[in-house]
Every structure is written in structure tokens, then in C-alpha cells.
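Summary of structural features
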Amino acid sequence: MQNISTDLDQALALLRAGDLVGIPTETVYGLAADARQPEAVAKIFALKGRPADHPVIVHIAGREQLSDWACDIPDAAWKLADAFWPGSLTLILKRQPHVPDAVTGGQDTVGLRAPAHPLTHALLQRFGGGLAAPSANQFGHVSPTTAAHVYAEFGDRVPLILDGGPCQVGVESTIVGLTGDTPTLLRPGGVPREAIEAVLGQTLVHHEKPSTAKVRVSGLLDSHYAPRTPLLVGDLRAIENEAYRRLETGGRVAVLHLSPLSGSVCGLDSHQMPDEPEAFARELYATLRQYDAGSRFDVLLLERPPQSAAWLAVNDRVKRATSASL
Ligand code: TXA
Ligand code: MG
């Protein structure tokens, strides 16, 4: 893992030369390129195996750079940037004409975020421009929350991965669309919906995507963030019953639960997840990766998290990682 370091000078040199750098953010690690160099951005898509019409977020140092990338910026955008940047909020705004199609997927909008991680914040301040960066994982796979996860995805094919330690938020940023008549919640994430609504003084429109419960092929439709081992989700009783049934026939099962298990069963691998949403979010992807590694299990059984508002982002990601409900 020769390419993991905290060397900002090397990161800047690589980015200016049109190369890719793995960057820590407080949400998840990103795979970054200079957003002004279409050939550099194209390398991200090639490495991730991501369809070219998917737009990527441009990361900037702060509100001072907002008008470098967006135009017709509504008051709501300035209010949200002042309240939550640097932080886990992405704003979708009308783009400046110079923003490459490689970044916007050919749309007339651009996604902008000022991440809060100190190393990447320092990098962005020195860089001055914008860094196009999706999450640093193969398309459809679980997002990385450590430098080692990025290495596990791409190895030495990324010239440098900046090591900023484990991500403190653990799920991706909240995305708010500000190009229509009403602000829209496009993806729940690190900043709670209610906090955004409080700043705006209005409710966000949110169209939840239909459930992916029966979609079994990873990478299809909105089955995203998925481990390779099938992940089944259900209440505690359902996952315990499923675990016992499979164990009896020699199945290799891991149970990820929030509430205490009702009994201990010999041969059952189990892991207690935090029962508080921020801590659960911080651990979710790392736990899925850990249990997915090495094909040690036929199935992962996850206790369904609470359905209250505080768990919105977690439930969105769990739904996309799930192969079936019990
Ligand atoms: O926390 C995050 O947002 C992380 C870190 C690295 O910043 N990034 C991230 O990027 O999750 P990615 O590419 O995995 O997801 C970005 C999402 C995609 O669903 C993309 O469609 C949406 O943002 N997006 C980006 N630009 C957009 C635009 N102009 N209009 C609509 N959606 C956009
Ligand atoms: Mg992603």
C-alpha cells in the first residue's frame, strides 16, 4: 500500500497533472480529479466502471467558490451553505457554462459541496478550483470509509490515496435540488432533513424511490451500495428464525443485530450494531465490507433499523444494499 499517504504536495501535483487522487471526506472517501479537466474526469468513470451520463459532485473549499461553478444562485443556496458548509450537504444548482459535460453528465445543473474533513479542506484551499469526486468504489459497490477500503477497491490503479482516517459520518452527503420551484430532497444523508427545513423555513419535497426489496442483481436499477454477499433484512425474530433454519442445513450465516439476541446459538456469527443512528451510519459500510470479505458467508442477516425520521439516511442505504426482505 505504497500509494497511501498524507502528502498534500504530491496530491496537488497529481491533480494539476490530470491524475486521480483518493480523498477523505467526513462522509465517505472520494475518487477525485480536477473538475476543469474533462480528460481527468473521464479517468474516474473508467476506473469506477460508471456510466458516463452519471453526474459527479464538484467539491470546493467553501461558499466563496460557489459562483465559480453555479449561476442564478437562489437565496436558499446561500443560507444552506452558510448553515452547513463545510459539511455533508450537496446543493444542485444551475451550472456555469464552463463546467464540463463530463462533470454534469450533460445536464445544465451542477452538484456542489464543501466537505468538512480537515485534510481535504486544506487540499481544496490550496488547490483553489473544484474537485470532481464520486465515492471511491466500483460502481454499485459499498462506499469506502477508510483509505484501506479505497485500496481494496482500486489497489495501485490510483496513484495516491490521502489517508484521513475513518470517516466520521459514514454515509454520503444529503443532496438538495435548488433548481425548481421548491427545494427537493434528492438523497437523504449526513445532514438531517429536519435541520435543512429549519434553516429554509419550509418543507423539502421528497419522492422516495420504489422499494428494491425484490431486486436481486447487484448494480441493477437503484440496487446500490450493495455487498456481494446477499443481505436480508427483517425484524429480530425473522432474522433469528432464518439464521437457525440455515444453520441446521450447514449454511454460513452472519447476523447483524441492534437489539440483544434472544439466545446464543453455537456456530452463529453475530455482531451488535449501534442502536443510535449516527453511530450506526458511521459503522454501516465498514461492517458490510468486513462481513462481505473473503466470501465467508452465504448470507448476511440484518435487523431492520427503526423507521423514525432520525434513521432516514440509514434506511435509504440499507434498502439499496438489501437483496430481499424477510
Ligand atoms: O458524500 C458524498 O456525497 C460523497 C463524497 C465523496 O462527497 N460523494 C458521493 O458521490 O456520494 P456519488 O457520485 O457516489 O453520488 C453523487 C450523487 C449521484 O447520485 C449523482 O447522480 C448526484 O449526486 N448528482 C451529482 N450531480 C448532480 C446533478 N447535477 N444533478 C442531479 N444529481 C446529481
Ligand atoms: Mg457512490
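Turning our eyes to something else, we now look at the packing of aromatic side chains. Enumeration according to the criterion identifies 2 aromatic pairs in this entry. When the centroid spacing of 5.4 Å and the interplanar angle of 70 degrees are considered together, the rings of Phe280 and Trp311 count as edge-to-face. A residue pair is termed long-range when its members are at least 10 positions apart, and Phe280 in helix 10 (residues 277–292) and Trp311 in the loop between strand 15 (299–303) and helix 11 (312–321) qualify at 31 residues. Here the two residues Phe280 and Trp311 agree in accessibility, since each one is buried.

Attention now moves to helix 10. In this model, helix 10 (16 residues) spans 22 Å end to end at C-alpha, consistent with the 22 Å of a helix rising 1.5 Å per residue. In helix 10, a bend of some 40 degrees at Leu284 exceeds every other bend along the element. Listing the buried residues of helix 10 in full gives Pro277, Ala279, Phe280, Ala281, Leu284, Tyr285, Thr287, Leu288, Arg289, Tyr291 and Asp292. Contacts made by the buried residues of helix 10 are with helix 7 (147–154), strand 12 (231–234), strand 13 (253–257), strand 14 (269–272), strand 15 and helix 11. Where helix 10 begins, the side chain of Glu276 points an oxygen toward the backbone nitrogen of Glu278, at a separation of 3.3 Å.

Scoring rules and cut-offs
Residues numbered from 1 in each chain as written. Chains lettered and ligands numbered in written order. Predicted model: local features only at pLDDT ≥ 70, side-chain atom pairs only at ≥ 80, totals over all residues. Heavy atoms only, no water. Phe/Tyr/Trp six-rings, centres within 6.5 Å; stacked < 30°, edge-to-face > 60°. Helix = DSSP H or I, 4+ residues; strand = E, 2+ residues; numbered from the N terminus. Buried < 20%, exposed > 50% of the residue type's maximum accessible area, 1.4 Å probe, protein only. Expected span 1.5 Å × (residues − 1). Bend = angle between axes of the 7 residues up to and from the residue. Contact = heavy atoms within 4.5 Å. Polar contact = N/O pair within 3.5 Å; in protein donor to acceptor, adjacent residues only side chain to side chain.

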